[in-house]
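What the coordinates show
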Amino acid sequence: MAVIDSVTYKEISDLINNAQVRGNDIYSNIEQMDTDLEDSEILSTNIHRQFLENVIAETLGVINLRHIVYTDQMRDFVRRLQIHVDINYSGTINEYLSNNSIQVLPIFADISDVVGFSIDAANIESIS
Amino acid sequence: MAMAITKNNFIIVYRLGDLDSTDFAAYYADKHDMDVTTDDPSSNSGSLSGVDWIVSGQTVGIQCSNVEILGSEDLFNTQVLNPIKYALENAPELTNRNIWGIVLGYNVPGGFIDGSDIISSTARISRIYQAYGKKGKNKLYNRSIYKRFDSDDADTALICSRLDAPNIQQVKEYIDNAESLNKQVFANGTFYIDPYSDRAGSLADDYEDVILDFKNNLLSDLNLDIWSTTFMDPYIDVAIPYVNQDSFVWSWFTDRAYNTFFQNSNAIRVFFYNADYDGAYEVRNESSHRWVYLSMSNEYVCSAGAMSNPTIEGFLNPNPFFRSLLRGGTIGESYLFSLPFFDWTVGLFGDPLTYCSFPSAEVKDEDIIEEHECWNKMSKSLAKATAHFHRKGEELNESLLKIVDLQSENYKAEVDLLYSANDLFVGNDTDIRKSQLKSLVDSLFDYPRKQYIYYGTPESPFDINSYLTQKGFKVSELLTEISSEAIIDPSNVLDEGWWQFEFLMQDDSVDFINYQFILEVSATSDFSTILLSKNSYQIRNWTYEKEKDTFVLFTYNGVPSSYVGRRVRYESRYDELASIDDYLTRGETYYFRVTQYDIQSGTEYTPTIYTDIIYT
C-alpha cells in the first residue's frame, strides 16, 4: 500500500490538531499577564508597567500570527497529507476516513477544510 | 449581581389580640412603606395547635403569650416559632415573597429557658427552618471573603431582630430613631472602644486580641473620631466613663450602668454593644440597668446583648460587623455576620433594615492584586505559556518521527510528507520558542530591578535574584532557558516536574462545617488510572489562604466553611528517603479531581475536575 496506514494517519492528525490548539493556550496565558497587571495595584501611569504592557501586546501579536492563525507551514503539511491520501487511496478523503473508522478532531478538520479538503461531520470526533 | 436585601424581604411579627402590639406593627410597616393588606384573608389566616395566626401583607400576627422569657423550648415552639413557620410556608401572601428577615415586635416573647441558659428568640428564629441545635456554629460568621447577604445565605439563616420596650411609646421612639438614621445616612459621632477587661484566661485573651485587631486594622477605615481605653493592669477593668457625641460603642464587661453614662449628643447614635453575660436579659424592664435597654432608651438605633452567659467565644466580633457596615450592609446582616452561634443566648435589638455611611471612608477592593503577587502570577502564566509552546514543539516532533518511521510502499508517504513535516517542526522548535518569547521573559525579569531600584545600593544593586530571594519566589527553568543569559541563580529555579495545584474552596454545605480535601491526579479525563492521591488530612504540603494572599499550613481540623471562596494549595513533594515522588512530566496536561469532605461526618461532596499543565 502506498497510502499512509490508518493508525498513523489518526495519530498524526491528532498531534496536528493538538499542536494547533496549543496556540490558544499560549495566547490565553500571556493575555492573563495583561489581565493581572490590569487588576493589580500598580498604577496604570507607572512607566515600567506600561513598558511591560507594550511588550505583552507585541508578543500577543506574534503569537497570534504564528500560533492562532493557520500558518503556511501548517496548511502546507495538512494539504500534502490530504493530497497524499487523495492520490494514493482508491476513493475520496471521506471514504478513506469512514472505511477505516477514523474520526479526526475538529481543528484538524477545519484546517483540512481551509486547504480544500472538506471533511464530513460523521468523520469528525465530537468534543464533549 | 446578587440582589441586595430590601424592606420587601422582611416581615413584622406582632402579638395577636394585643392592641399595642398591633399598633407597633402598623407603625413600623408605615415607616418602611411595607404592604399591610391582603386580598384573601381566609387563606392567609388559620390556627395551629390552638394558636391563631393571621397574615396581612408583610405583617404576621400570632396568638402568643406576652411573657418576655418563656419557660421552655416547647412553649416557644408552640406559641412563636411554629405559627410563624407555618405562615411562611403556607400563607400565599408570604410564599410569593422571598422572606430573608423577621422583626419580632412589641410584646412578642424574647426568648426561652433551656437548662441554665436563656435562648434568645432572634438566635432561634434565624434558624426557623432548621431543627434546634443549641449553640450551633454560624456558617455566615466572619466569612473570609465579604459578600452581601443573599438568597443563598437566607437558606442558612434569616436576619432576625427584636423591637421591644417597656411601653409602646418607647418602642415607637426606637422606630423613629432608626428613621432619623436612615434619613441622615452618615454616622458622624465618636467611636468609643474598650478592648480591655478584667477577665482572665485564654478565651478572654483571644477576645481582647479580636478587639485590638479591629482597632488596629479596620477602625481607622471608618474615618470617625476614636476614643479608646488604655491598658492599665490585668486585674482592672478599665471602663469607658461616659459617652458624648458618640455614634458607636464596642466594649466588654462593666455590666451595669446608669443613664448618666449617656451624655447629650447631637451625633446620631447607631450601634451599641457591650459584651457581657446578661446585657439583654430583659428589655422591658426600666430598672435593670442593663446595657441593651439603657442604650436604646438613650437613642441608640440598634444594640445587641446576651440574655444569659454566652461564654466569651459567643461574643460578637467587630471585624465582620464593621466590614459589612462599611460596604453598605444593613445592621441586620452585619450583625448576622458577626454572630458566632445560633440557637444561643445573644440577640439583636432595633431596626435591622437600618444602615449608615461613614464620612469619606475608603473601602479597599479585595479583588485588587498586590504588586508582588502580580509579578509572581505573571511569572507562572508566562511559564505555562512556555510549557504549551514546549509541548507543541514535542507534538510536531512526534508527528515528524512517525513519518520517518513509516514503511509505505516505495516510501511514497515518507517522500510526500517528510519535508513539510520538518518545516512545520522547525517553525516551532526550541530556537523559535526562545526568539518569540525572549523579549517578554527579559522584560519580566528586568521589571523588579527597574521598579525597585532604590532597594539596592551602589555596592549591591538590586536585581532579579535579590527580588526572588527577598520575596521567596522561584521561577520555572523553562523561562530561565529563554532569558538573555544565565541570570537566575539555580537556588531560585523550580525543580523540573515540581508543581503546585491551587483551587477555590467550594460552598458544599448549608451548615457550618470543617472541610478536608482529597486531590487525585490522572493523565486521562475519566480518571481510569490515578497517578497520585493526596488527602489534606495528612497536612503536609497543604496550605490555605487565611487572609488575602497569605497562606498558612493545614491543621487536622481542616478549613472552616467561613473560608469558602479562598484558595487552597497542594505543593508536590519529593523525598527520596521516604520514597515519595509527586513530580510530574514537564509540558504534560493533567486532570486534577478535588473532593471536599466534612471531617466530622465523613460526607464527601461532588468532586470538581480541573486541568493544568506542568510548567516547570
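Please read all numbers here as calculations on a predicted model, not as lab measurements. (Residues numbered from 1 in each chain as written. Chains lettered and ligands numbered in written order. Predicted model: local features only at pLDDT ≥ 70, side-chain atom pairs only at ≥ 80, totals over all residues.)

**Topic: the overall build of chain A**
On a plain count of helices and strands, chain A comes out with 5 helices and 0 strands. Secondary structure elements of chain A occur, N-terminal to C-terminal, as α-α-α-α-α. The C-alpha radius of gyration computed for chain A amounts to 20 Å, which surpasses the reference 14 Å derived for 128 residues by more than 25%, pointing to a less compact arrangement than a globule. Seen through its principal axes, chain A has C-alpha atoms that stretch 65 × 30 × 20 Å. Considering only residue pairs separated by 6 or more positions, chain A has 66% of its internal contacts joining residues 24 or more positions apart. (Helix = DSSP H or I, 4+ residues; strand = E, 2+ residues; numbered from the N terminus. Rg over C-alpha atoms; globule rule 2.2 N^0.38 Å. Contact = placed C-beta atoms within 7 Å.)

**Here's the deal with the interface of chain A and chain B**
The partner chain B presents 43 residues to the 42 residues of chain A that form the contact. The biggest single contributor to the side of chain A that touches chain B is helix H1 (residues 6-38) of chain A, with 16 residues. Here the residues of the side of chain A that touches chain B sort into 21 nonpolar, 11 polar and 10 charged. (Nonpolar A, V, L, I, M, F, W, Y, C, P; charged D, E, K, R; others polar.)

**Focus on the confidence of the model for chain B**
Atom-level detail of predicted coordinates should not be read off regions where pLDDT is low. For chain B, mean pLDDT is 93; residues scoring 70 or higher make up 98% of the total. What the predictor reports for the complex is a pTM of 0.83 with an ipTM of 0.96. (pLDDT = per-residue confidence, 0-100.)

**A few points about the sheet that holds strand E5 (residues 69-70) of chain B**
All names here are of chain B. Judged by pairing direction, the sheet is mixed, and its 3 strands sit side by side in the order E5-E7-E8 without closing on themselves. Edge positions in the open sheet fall to E5 and strand E8 (117-120), since each of these has one partner strand only. Contacts from helix H2 (residues 73-90) reach E5 and strand E7 (111-114), with the element oriented near 155° to E7. (Pairing = 2+ DSSP bridges. Axes fitted to C-alpha atoms, helices over the stretch in contact; angles between N-to-C directions.)

**Concerning helix H1 (residues 19-31) of chain B**
Residue and element names in this part refer to chain B. Taking 1.5 Å of rise per residue, 13 residues should cover 18 Å, and H1 covers 18 Å from first to last C-alpha, within 8% of that figure. Inspection of H1 places Ser21, Phe24, Ala25, Tyr28 and Ala29 among the buried residues, and these make up the whole buried set. Considered in projection along H1, the buried side chains sweep an arc of 125° and stay on one side of the axis. Turned more than 90 degrees from where H1 packs its buried face, Leu19 and Asp30 sit exposed. Packed against the buried residues of H1 are strand E1 (10-15), strand E4 (59-62), strand E6 (101-104) and helix H6 (168-184). One or two steps after H1, the chain reaches Asp33, where phi turns positive at roughly 55°. (Expected span 1.5 Å × (residues − 1). Buried ≥ 20, exposed ≤ 12 C-beta atoms within 10 Å, placed from the backbone. Arc of directions from axis to C-beta.)

**Focus on the domain arrangement of chain B**
Along its sequence, chain B is organised into domain 1 (7-350), domain 2 (371-485) and domain 3 (500-613). The centre of domain 1 of chain B, based on its C-alpha atoms, is set 59 Å off from the matching centre of domain 2 of chain B. (Domains from an automatic or database assignment.)

**Considerations on the pairing of strand E19 (residues 514-522) of chain B**
All names here are of chain B. Where E19 lies against strand E23 (residues 559-560), 2 bridges are found, and the strand directions are antiparallel. Note on E23: the bridge partner recorded for Asn514 is Pro560. Sheet topology note: the E19/strand E27 (residues 589-598) ladder contains 8 bridges and is antiparallel. Counterpart to Glu520 in the pairing with E27 is Arg593. The pairing of E19 with strand E20 (residues 530-535) spans 5 bridges and is classified as antiparallel. Within the sheet, the bridge partner assigned to Ser522 lies in E20 and is Ile530.

**Considerations on the sheet that holds strand E21 (residues 542-547) of chain B**
Residue and element names in this part refer to chain B. One open sheet accounts for 4 strands, arranged E18-E24-E21-E22; its pairing is antiparallel. With partners counted over all chains shown, the strands left at the sheet margins are strand E18 (500-504) and strand E22 (550-553), one partner each. Pairs of neighbouring strands in the sheet enclose a mean axial angle of 30°, with direction left out of account. As paired strands, E18 and strand E24 (residues 567-571) are joined by 5 bridges and run antiparallel to one another. In the strand pairing of E24, Gln500 is matched with Glu571.

**Section: the pairing of E1(B)**
On any regular strand, side chains alternate: one points to one face of the sheet, the next to the other face. Residues and elements named next belong to chain B. Within E1, 6 of the 6 residues are buried, which leaves it mostly tucked inside the rest of the structure. Sheet topology note: the E1/E6 ladder contains 4 bridges and is parallel. Residue pairing in the sheet places Phe10 in a bridge with Gly101 of E6. Relative to E4, E1 runs parallel, the two sharing 4 bridges. Counted as the bridge partner of Ile12 is Thr59 from E4.

**Examining unusual backbone geometry**
Residue and element names in this part refer to chain B. For Ser49, which is not glycine, the phi dihedral falls at a positive 50°. In this structure, Ser49 sits in the loop between strand E2 (45-48) and strand E3 (51-56). In this structure, Asp549 takes a positive phi of about 65° despite not being glycine. Structurally, Asp549 is set in the loop between E21 and E22. By C-beta crowding, Asp549 is classed as exposed, having 12 other C-beta atoms within 10 Å.

**Examining the environment of A:Thr8**
Topologically, A:Thr8 is positioned in helix H1. Taking the C-beta count within 10 Å as the criterion, A:Thr8 has 16 such neighbours and is therefore assigned partly exposed. The residues touching A:Thr8, leaving out its near neighbours within four places in the chain, are B:Lys402 and B:Leu406.

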